[in-house]
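Analysis of the macromolecular model
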Amino acid sequence: MSTPISTTGLRKRYGRVDALDGLDLTVDSGQVHGFLGPNGAGKSTTIRILLGLARPTGGTARVFDADPWTHAADLHRRIAYVPGDVDIWPNISGGEAIDLLSRLRGDGRGAAYAAEKRRLCDVFHFDPRKKGRAYSKGNRQKVALIAAFAVAADLYILDEPTSGLDPLMEVVFQDEIARVRAAGATVLLSSHILSEVEQLCDRVSIIRRGRIVESGTLADMRHLTRTEVSFAATATATAAAAAAIPGAEDAAEQNGRVSISLASDAVAAALPRLAVLGVEGLRVAPPSLEELFLRHYGEAAPAPAEAHR
């Protein structure tokens, strides 16, 4: 079976700015592959090239061993794409928009399609009868998601697909990803939600300034994950006391709260120590992906080329 996605030395230049600077990315068949990086790192530029919407300046990009720039029409029959910011036609209904998007991929008719569309509308709590102008951002996102999942694809390219969805709908999205993966599809998932990536992805590639800086399984990359712990400052629960907890880093007190950073596998051992301090108002949360990138790779300012995303 051909490799769903493969890029070698991929470059894209906008004027004097390199949006991609020698990107090497491989996504194997049947994987859910996380594609992560700070804003401006080149994620959306890469996706545009893979979809045949932008032509690379140098290097090669292959989707199912074909050049996406010259074989876009054929490839799009095998690809389902969901962007992070969906616009739909204001004067047609959501159901009509789903049908139109599905037919562009060669389906969107027949009893099997109609049944799958109804199922997806039900699980996503989506009313397909309203006009496009009446939909919120989250409902516009559902139009793209339902259209993507209603017609089976070999490759799903998802760029911040849960943007605007509430937590319940994010769970539905995760269930649908599990379903298409079980059917043998491949997924490239760009997301800023760390928990989503941890739950769904087999492998992760991190892009910074147009290059892949790390790639591997999540187990290989556990050194990136840290958990933020905070609690109300008291006479015993101080920043100095928190700093003495094994594995604690970045102990600080601000606005009446003490915060520390712990390696994810050190949280369980730290909880008894926190109990001894008598902490109040305890909060435990994973850091955002953006915080992880800044911590491990330094600040990566958005490149001007991202205006062309």
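Scroll up to find the structure.
Residues numbered from 1 in each chain as written. Predicted model: local features only at pLDDT ≥ 70, side-chain atom pairs only at ≥ 80, totals over all residues. Heavy atoms only, no water.

Let us look at the pattern of salt bridges. Counted by the stated rule, this structure contains twelve salt bridges. Of the charged contacts, one joins R11 and D21 as a salt bridge, the two residues approaching to 2.3 Å between their closest N and O atoms. With R11 in strand β1 (residues 5-14) and D21 in strand β2 (residues 17-27), this pair connects stretches of sequence that are ten residues apart. For R11, a relative accessible area of 37% gives the class partly exposed. The partner of D18 in a salt bridge is R13, with the nearest N and O atoms 3.1 Å apart. (Salt bridge = Lys/Arg side-chain N within 4 Å of Asp/Glu carboxyl O. Helix = DSSP H or I, 4+ residues; strand = E, 2+ residues; numbered from the N terminus. Buried < 20%, exposed > 50% of the residue type's maximum accessible area, 1.4 Å probe, protein only.)

If you look at the biggest cluster of nonpolar residues, it comprises 42 residues, and the most contacted ones within it are F124, F149 and Y156. With eight residues, the single largest contributor to this core is helix α5 (residues 137-150). When neighbours within four sequence positions are excluded, Y156 is seen to be in contact with A80, A148, F149, V151, V180, A185, T186, V187 and L188. Membership of the second largest hydrophobic core comes to 23 residues, among which are L51, A61, V63 and I157. (Core = buried A, V, L, I, M, F, W, Y, C linked by side-chain atoms within 4.5 Å. Contact = heavy atoms within 4.5 Å.)

So, about the pairing of strand β8 (residues 203-208). Bridge analysis of strand β3 (residues 32-36) against β8 gives four bridges, and the strand direction is parallel. Bridging across to β8, L36 finds its partner in I206. One ladder, built from six bridges, connects β8 with strand β9 (residues 211-217); its direction is antiparallel. In the strand pairing of β9, R208 is matched with R211. Hairpin remark: β8 followed by β9, antiparallel, with two residues in the connecting loop; positive phi at R209, about 50 degrees. (Pairing = 2+ DSSP bridges.)

A full pass over the atoms with the stated rule returns three aromatic pairs. Summarising the aromatic geometry, the rings of F149 and Y156 are spaced 5.7 Å apart at their centres and angled 35 degrees between planes, so their arrangement reads as tilted. Each of the two residues, F149 as well as Y156, counts as buried. Taken together through their ring pairs, the aromatic side chains of F149, Y156 and F173 make up a single cluster. Lying across the ring of Y14, K12 places its NZ or CZ 5.2 Å from the centre. R78 extends its terminal NZ or CZ atom over the ring of F64, reaching a point 3.8 Å from the ring centre. (Phe/Tyr/Trp six-rings, centres within 6.5 Å; stacked < 30°, edge-to-face > 60°. Lys NZ or Arg CZ within 6 Å of the ring centre and 35° of its normal.)

Everything listed here is a matter of coordinates, which is why it stays silent on function.
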